[in-house]
Amino acid sequence: MSSEEGLSSTITDWLLINSWWLLLPFVMLIVVAAFIVAFVLLLYMISPLISPKPLKLNGAHVVVTGGSSGIGKSIAIECYRQGAFITLVARDEAKLLQAKKELEKFAINDKQVVLCISVDVSSEYSQVESVIKQAQEKLGPVDMLVNCAGISISGKFDEMEVDRFKKLMEVNYLGSVYPTRAVITTMKERRRGRIMFVSSQAGQIGLFGYTAYSPSKFALRGLAESLQMEIKPYNIYVTVAYPPDTDTPGLAEENKSKPLETKLISETSGVCQPDQVAKIIVRDAVQGNFNSSVGPDGYMLSALTCGMSPVTSITEGLQQIVTMGLFRTIALFYLGSFDSIVRRCMIQREQAKAAEDKTE
Ligand SMILES: NC(=O)C1=CN([C@@H]2O[C@H](COP(=O)(O)OP(=O)(O)OC[C@H]3O[C@@H](n4cnc5c(N)ncnc54)[C@H](OP(=O)(O)O)[C@@H]3O)[C@@H](O)[C@H]2O)C=CC1
Ligand SMILES: CCCCCCCCCCCCCCCC(=O)[C@@H](N)CO
């Protein structure tokens, strides 16, 4: 070993033994910085998970479009039972009055009022605006708006009348935009409110027969997500509900012309009762949950399709993180079974047609 080498190794040894003291402030700085960054990141992650304060329905003014029948009527009844003042909005006046009578049986005090207003929510914005004005003059500012007016038409893409695509977007999508637009300014001023959109499981998954219906329900999700980001600082919360097939006059009407494939695929999720669906939807809207789903299939679909939608509770966020991969695996089996339903129906139809041609 030369004397030079000996010197340099002595310096290294000395550094190794003694100079970590010099590094200590830097190490501490890095540790503190890491803690601060982790804390800020945690705050960012937690902040969208903080649940809003529940809305008190007792004495609140709830406007329900499509409130004269089916799910809308059940939602109105559920709110009325909890002490709300209700405005029912739909086109047919006789049906509205009938629904009002049904609601009034559930009054919990003698101050409660049910107001009926007839309007087509999809035709003219100015009409919808004046209806909401009328309702606010009589029952005060709207605390909760339930956009439930909607129609369903199913059929194969190439067999559907072309104007049906426009009709469904008008009623299901614009028919939710207009009432929302009409209530939002007052809600922002009051820094209080709930907006609900009634989409459908067919607004989370596109299915055979729903080429016109599904897009009108998917559209509501895009509207809801964008709107929620705008109005959250005003303490207004948006809920999107995704019910499965529900036993209503609307479903009975739809079933008259529903393709067999659509029926078989929809049966996967079963048929719910409107009261049961309404209870869940109202609970979620009151709590300010962005997502509202019904049944185990509904739960899986919502976790699976959560995308970049807002989260309103820590448990919901954690469940999504943990279940996503598992549910996707299950979903692949569902998709396989839907494909096989479609193939089977096609073969059966072709066989029936061939038999028919033979007999002719
Ligand atoms: N039933 C089901 O299986 C499911 C339904 N949904 C959705 O739930 C909502 C309600 O469905 P459901 O209860 O079955 O339907 P119903 O047909 O039983 O009721 C629909 C309601 O909407 C009103 N309405 C329809 N069109 C208009 C319009 N242009 N302007 C104002 N009001 C209108 C109807 O009154 P009027 O005709 O007098 O105007 C009625 O009050 C719909 O949006 C539907 O897509 C979602 C998932 C499943
Ligand atoms: C892990 C993944 C689970 C996947 C489950 C998939 C289940 C699909 C069933 C879709 C049913 C669609 C009902 C539409 C109801 C409707 O809107 C009309 N009836 C309106 O009248």
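Our subject is the structure that appears above.
Model, not experiment: these values are computed from the prediction. (Residues numbered from 1 in each chain as written. Chains lettered and ligands numbered in written order. Predicted model: local features only at pLDDT ≥ 70, side-chain atom pairs only at ≥ 80, totals over all residues. Heavy atoms only, no water.)

Chemist: Is there a simple way to explain the site of ligand 1 in this structure?
Modeler: In the region of ligand 1, 30 residues are neighbours, and Ser68, Ser69, Arg91, Tyr213 and Thr248 sit closest. Here an oxygen atom of ligand 1 sits 3.4 Å away from a polar atom, N or O, in the side chain of Lys95. Take Val121: an N or O atom from its main chain is 3.0 Å from a nitrogen atom of ligand 1. Coverage of ligand 1 by the protein amounts to 92% of the 880 Å² it exposes when considered alone. Every element with two or more residues in the shell around ligand 1 is listed here: α3 (70-81), α7 (213-231) and α8 (249-255). The element that contributes the greatest number of residues to the shell around ligand 1 is α8, accounting for three residues. (Near = heavy atom within 4 Å. Polar contact = N/O pair within 3.5 Å; in protein donor to acceptor, adjacent residues only side chain to side chain. Areas by Shrake-Rupley, 256 points an atom, 1.4 Å probe, with all protein chains shown as cover. Helix = DSSP H or I, 4+ residues; strand = E, 2+ residues; numbered from the N terminus.)

Chemist: What should I look at first to understand the packing of aromatic side chains in this one?
Modeler: The geometry of an aromatic ring pair comes down to the distance between the two centres and the angle between the two planes. Inspection of the entire model under this criterion finds five aromatic pairs. One cation-aromatic arrangement involves Lys188 over Tyr234; the distance from NZ or CZ to the ring centre is 4.9 Å. (Phe/Tyr/Trp six-rings, centres within 6.5 Å; stacked < 30°, edge-to-face > 60°. Lys NZ or Arg CZ within 6 Å of the ring centre and 35° of its normal.)

Chemist: It is not clear to me how the nonpolar core should be interpreted in this structure. Could you clarify?
Modeler: The tendency in soluble globular proteins is for nonpolar side chains to be buried as a group. Core analysis: the biggest nonpolar cluster contains 33 residues, and Val62, Ile75, Cys79 and Ile86 have the highest contact counts within it. It is helix α10 (residues 274-287) that contributes the most residues to this core, seven residues altogether. If sequence neighbours within four positions are ignored, Cys79 has contacts with Leu57, Val62, Ala84, Ile86, Met144 and Val282. Formed by 30 residues, the second largest nonpolar core is a distinct cluster that contains Met187, Phe197, Leu223 and Val238. (Core = buried A, V, L, I, M, F, W, Y, C linked by side-chain atoms within 4.5 Å. Buried < 20%, exposed > 50% of the residue type's maximum accessible area, 1.4 Å probe, protein only. Contact = heavy atoms within 4.5 Å.)

Chemist: Even after reading the chapter, I still don't get the environment of Thr65, so can you show me in this structure?
Modeler: Looking at the element boundaries, Thr65 is found in strand β1 (residues 61-65). Here the alpha-carbon distance between Thr65 and Val146, two residues 81 residues apart in the chain, equals 6.2 Å. When residues no more than four places from it in sequence are discounted, the contact partners of Thr65 are Val89, Val121, Leu145, Val146, Asn147, Cys148, Ala149 and Pro179. Reaching out from Thr65, the side chain makes a polar contact with the backbone nitrogen of Cys148 at a distance of 3.0 Å.

Chemist: Got a minute to help me understand the side chain of Arg194 in this structure?
Modeler: Tracing the backbone through its elements, the reader meets Arg194 in strand β5 (residues 193-198). Summary of buried charges: Arg194 has no salt-bridge partner, and the nearest side chain of opposite charge, Asp143, is 9.2 Å away. For Arg194, the side chain forms a polar contact with the main-chain oxygen of Lys53, separated by 2.9 Å. Of the polar contacts made by the side chain of Arg194, one reaches the backbone oxygen of Ala285; its length is 2.7 Å. (Lys, Arg positive; Asp, Glu negative; His and termini not counted. Salt bridge = Lys/Arg side-chain N within 4 Å of Asp/Glu carboxyl O.)

Chemist: Quick question: what am I supposed to make of the pairing of strand β3 (residues 114-118) here?
Modeler: In summary, the side chains of a regular strand alternate between the two faces of the sheet. With five bridges joining them, strand β2 (residues 85-90) and β3 adopt parallel strand pairing. Of the residues in β3, the one forming a bridge with Leu88 is Cys116. Read as a crossover between parallel neighbours, the route from β2 over helix α4 (residues 93-104) to β3 is right-handed. (Pairing = 2+ DSSP bridges. Right-handed = clockwise from strand over helix to strand, strands pointing away.)

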